[in-house]
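Breakdown of the fold
Spelled out from the first residue to the last, the chains are:
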Amino acid sequence: MITRRLFRWFDDRLGAASFARSALNKVFPDNWTFMFVEIAMYCFLILILTGIYLTFFFVPSSHPIIYTGSYAPFRGLPVSEAYGSALRISFDVRAGLVMRQMHHWAANVFLAAIVVHLARVFFTGAFRKPREINWLIGVTLLLLAMANGFTGYSLPDDLLSGTGLRIFYSLTLSIPFVGTWLAFLFFGGEFPSHDILSRLFVLHVLIVPALLLGLFSVHLALIWHQKHTQFPTAGRTETNVVGSRFWPSYAMRSIGLLFAIAAVLGVLGGLAQINPVWLYGPFNASAVTSPAQPDWYLGWLEGALRIFPPWEIRAFGHTLAEPFFPAIVMPSITFGVLYAWPFLEQAVTKDRAHHNLLDRPHDRPVRTAIGATALAFYGLLLLAGSNDVAARIFHLPVSAVTRGFQILVLVVPLLVGFVVHRLMRGYARSRAERFMEVPFGAFLGRPVEARGKAVTATDGRPTATASAPPAPALGDPAPGDGLEE
Ligand code: HEM
């Protein structure tokens with residue numbers, strides 16, 4: 001009774017009831033491939049919660065102290081305040097190690113969910129008009145998440161993170177003309193500087209998470225406003241959405257997913273060791289850990305650095321240093337192409353129609369083959385980032401493994417692209433032939449157009465009217481349809 005009166009009180013003032021009703025009735029398509037964005041969202045929530053806990057104890061300072069904590073091998077030795085506090089969190093703070101490890105695992109799963117989500121959007125053409133803006137936001141989210149992962153694992157000031165920072169410093173130096181200025185500006189002096197940890201800390205706990213939160217909110221608001229895409233199965237058209245209502249079925253499942261993710265990350269944080277900074281030791285400018293790998297989402301950059309030939313160009317009194325090509329040019333091209341993809345595809349296919357129905361990968365063999373080529377290329381670079389580990393496992397010289405990867409990254413992705421293209425074309429053709437054998441198959445292939453039709457939930461109750469703009473029915477040839485032409 002009291003809650004009812006309270007709701008009425010708010011509704012009289014804010015008029016929120018009709019908005020809440022339509023929001024709760026909103027229909028979401030049920031397809032497991034749409035789950036990854038939720039996994040990313042819940043990992044981000046766990047990153048914020050565990051991160052806040054860590055912030056109570058972590059000291060972002062390279063000021064030297066004598067370690068007096070309970071990890072015996074370092075007792076009485078000089079370490080930085082940052083490294084000392086990371087040891088304190090790991091050995092002396094209640095639940096500190098679980099929180100640190102949960103935080104680190106959540107970062108890895110967060111990035112994995114974003115990458116898989118991006119791949120799903122790419123391979124199903126969900127970035128096509130009218131969703132190009134959300135694609136641009138998504139690519140920016142990926143960049144920011146990678147940046148926050150890097151700033152995060154650089155904070156504890158251990159030997160591995162110091163090695164990563166030194167690489168980052170050298171890469172910045174390699175940028176022609178402005179590199180030295182940028183490096184000094186960012187680090188506040190020559191490496192290893194005193195200011196870098198406090199700067200990374202502000203970026204890590206405040207600036208980048210705030211940007212991520214803001215962009216995530218816009219991303220979700222746009223999904224809500226433009227409505228979900230859906231796969232072109234029976235009953236789904238360009239102008240309706242078939243699935244479950246937000247309340248209760250979709251919301252309940254989503255909350256279940258949140259608990260499942262929290263449980264999995266809790267188990268990983270409690271049982272699976274990650275980033276044992278006490279084994280690496282404190283940062284020392286003259287030493288390096290071996291083997292030394294970054295978190296997986298930066299492994300492709302590490303791999304590119306390790307296998308790129310030692311080319312250095314000197315011209316007009318300037319040097320283009322070796323790391324410039326693999327670590328500045330290659331990632332710039334990667335993200336440049338990612339940002340431009342919807343517009344590049346539009347320019348080639350001349351397809352400027354609205355799309356609410358998704359492609360299946362075999363509908364667009366050329367796009368699928370390009371995506372598979374890219375995945376093979378970056379996957380191999382990721383493996384090449386462990387050339388030292390591979391050399392140890394296979395009892396080979398590191399130089400031989402490096403040469404092997406130099407050949408593999410040029411050959412394998414092209415082969416993968418070729419094979420995937422053939423498979424997709426063959427599959428699409430065999431489906432079409434099988435479909436035509438079904439009586440009236442050709443007729444069934446063109447679903448009845450349902451422009452402006454009521455949005456349908458799986459329980460059959462009509463809800464809001466879809467407001468999607470007129471779009472061609474499934475099977476209508478779009479102008480210049482398909483990249484393969
Ligand atoms: C996208 C979001 C985030 C990512 C990807 C991320 C990632 C990471 C990673 C990989 C580490 C290294 C953990 C380790 O030592 O093993 C770290 C450390 C840390 N993070 Fe985050 N984090 C994020 C958000 C946050 C937020 C929002 C906060 C605070 C409000 C935070 C606070 C911290 C602190 C204090 C540390 C240092 C603790 C330590 O390493 O012992 N993080 N982060």
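The sections below set out a description of the structure shown in this document. (Residues numbered from 1 in each chain as written. Predicted model: local features only at pLDDT ≥ 70, side-chain atom pairs only at ≥ 80, totals over all residues. Heavy atoms only, no water.)

1. A short note on the overall build of the protein
The condition is simple: Elements are defined by DSSP. Helices are runs of H or I of four residues or more, strands are runs of E of two residues or more, and each kind is numbered from the N terminus. In what follows, a contact means two residues having at least one pair of non-hydrogen atoms within 4.5 Å.
In terms of helices and strands, the protein carries 17 helices and eight strands. Excluding contacts between residues fewer than 6 apart, the proportion of contacts in the protein whose partners are at least 24 apart in sequence is 77%.

2. Here's the deal with the nonpolar core
The test is simple: Among buried residues, the Ala, Val, Leu, Ile, Met, Phe, Trp, Tyr and Cys ones that are joined through side-chain atoms within 4.5 Å form a nonpolar core. Type-normalised accessible area, obtained with a 1.4 Å probe on protein chains alone, sets the label of each residue: buried when under 20%, exposed when over 50%, and partly exposed for intermediate values. As used throughout, domain bounds are those supplied by an automatic or database domain assignment.
By size, the foremost hydrophobic cluster in this structure holds 77 residues, and its most contacted members are Phe110, Trp135, Met146 and Ile261. For this core, the leading source of residues is helix α5 (residues 96-123), giving 12 residues. Counting contributing residues per domain, this core is built from domain 1 (26-306) and domain 2 (360-465), each supplying no fewer than three. Ignoring any residue separated from it by four or fewer positions in sequence, one finds Met146 in contact with Leu111, Tyr297, Leu298, Trp300 and Phe335.

3. Here we look at a nonpolar patch on the surface
Selection rule: Think of a patch as exposed residues, more than 30% relative accessible area, with no salt bridge, where like charges cluster within 9 Å and nonpolar side chains (Val, Leu, Ile, Met, Phe, Trp, Tyr) cluster within 5 Å. Shrake-Rupley sampling with a 1.4 Å probe provides the accessible areas, and residues are treated as covered by the protein chains on show and by no other component. In what follows, salt bridge is the name for a side-chain nitrogen of Lys or Arg lying within 4 Å of a carboxyl oxygen of Asp or Glu.
On the surface, Leu24, Trp247, Met252, Ile255 and Phe259 cluster together into a nonpolar patch covering about 500 Å² of accessible area. Of all the elements, helix α10 (residues 246-271) adds the most residues to the nonpolar patch, at four residues. Examined against the element boundaries, Leu24 turns out to sit in helix α2 (residues 17-24). Accessibility expressed as a relative area gives 35% for Leu24, which makes it partly exposed.

4. Quick notes on the site of the ligand
Quick note on the threshold: Throughout, the term near means that a residue has one or more heavy atoms lying within 4 Å of the molecule or strand in question. Residues adjacent in sequence count toward polar contacts only when both atoms are side-chain atoms; beyond that, a polar contact is any pair of N or O atoms within 3.5 Å, and within protein one must be able to donate a hydrogen and the other to accept it. Side-chain classes follow a simple rule in which Ala, Val, Leu, Ile, Met, Phe, Trp, Tyr, Cys and Pro form the nonpolar group, Asp, Glu, Lys and Arg form the charged group, and the remainder, Gly included, forms the polar group.
Around the ligand, a shell composed of 26 residues is seen, among which Arg100, His103, His104, His204 and Asn275 lie nearest. His104 has a polar side-chain atom sitting 2.6 Å from an oxygen atom of the ligand. For the shell around the ligand, the secondary structure elements donating two or more residues are α3 (36-55), α4 (81-91), α5, α6 (132-153) and α9 (196-226). Looking at which element gives the most residues to the shell around the ligand, the answer is α3, with six residues. Partitioning the shell around the ligand into residue classes produces 16 nonpolar, nine polar and one charged.

5. Re unusual backbone geometry
The amide bond that connects Lys129 to the next residue, Pro130, takes the cis arrangement and shows omega of 15°. With respect to the helices, strands and loops of the structure, Pro130 is situated in the loop between α5 and α6. Note the cis peptide between Trp247 and Pro248, where omega equals 5°. In this structure, Pro248 sits in helix α10. Residues other than glycine seldom take positive phi values, yet Asp157 does so here, at roughly 60°. Examined against the element boundaries, Asp157 turns out to sit in the loop between α6 and α7 (159-173).

6. Section: the environment of Leu49
Mapped onto the elements, Leu49 comes out in helix α3. On the accessibility criterion, Leu49 (54% relative accessible area) is exposed. Distance in space between the C-alpha atoms of Leu49 and Met99 is 9.2 Å, their sequence separation being 50 residues.

7. Some words on the packing of aromatic side chains
So the rule is basically this: Classification of ring pairs rests on two measures: the distance between centres of Phe, Tyr or Trp rings, Trp counted by its six-membered ring, which must be within 6.5 Å, and the angle between planes, read as stacked under 30 degrees, edge-to-face over 60 and tilted in between.
If you walk through the whole model with that rule in mind, you get 35 aromatic pairs. What links up through ring pairs into an aromatic cluster is the set Phe150, Tyr153, Phe168, Tyr169, Phe186, Phe187, Phe191 and Phe283.

8. A short note on the pattern of salt bridges
Side chains that differ in sign of charge can pair as their charged atoms come close. Following the criterion strictly, the structure yields 10 salt bridges and no others. Ionic pairing is found between Arg306 and Asp388, a salt bridge with its closest N-O pair at 2.9 Å. Linking Arg306 in helix α12 (residues 299-307) with Asp388 in helix α15 (residues 387-394), this pair joins segments that are 82 residues apart in sequence. The class for Arg306 is partly exposed, based on a relative accessible area of 21%. Across the pair Asp359 and Arg367 runs a salt bridge whose closest N-O atoms are separated by 2.9 Å. The exposure class of Asp359 is buried, given its relative accessible area of 6%. Owing to a relative accessible area of 0%, Arg367 belongs among the buried residues under this scheme.

9. Quick word on α15
Formally: The reported arc concerns the directions from the helix axis to the C-beta atoms and nothing else.
Along α15, the residues classified as buried are Asn387, Asp388, Ala390 and Ala391. For α15, the angular spread of buried residues about the axis comes to 160°, placing them on one side. Residues Arg392 and Ile393 are exposed on α15 and point more than 90 degrees away from its buried face. Positive phi appears at His395, one or two residues downstream of α15, with a value of about 50°.

10. Thoughts on the environment of Leu257
Following the sequence through the fold, Leu257 ends up in helix α10. The exposure class of Leu257 is buried, given its relative accessible area of 16%. Measuring from C-alpha to C-alpha, the distance between Leu257 and Glu38 comes to 8.1 Å, with 219 residues separating the pair along the chain. Apart from residues lying up to four places away in sequence, Leu257 is in contact with Met35, Glu38, Ile39 and Tyr42.

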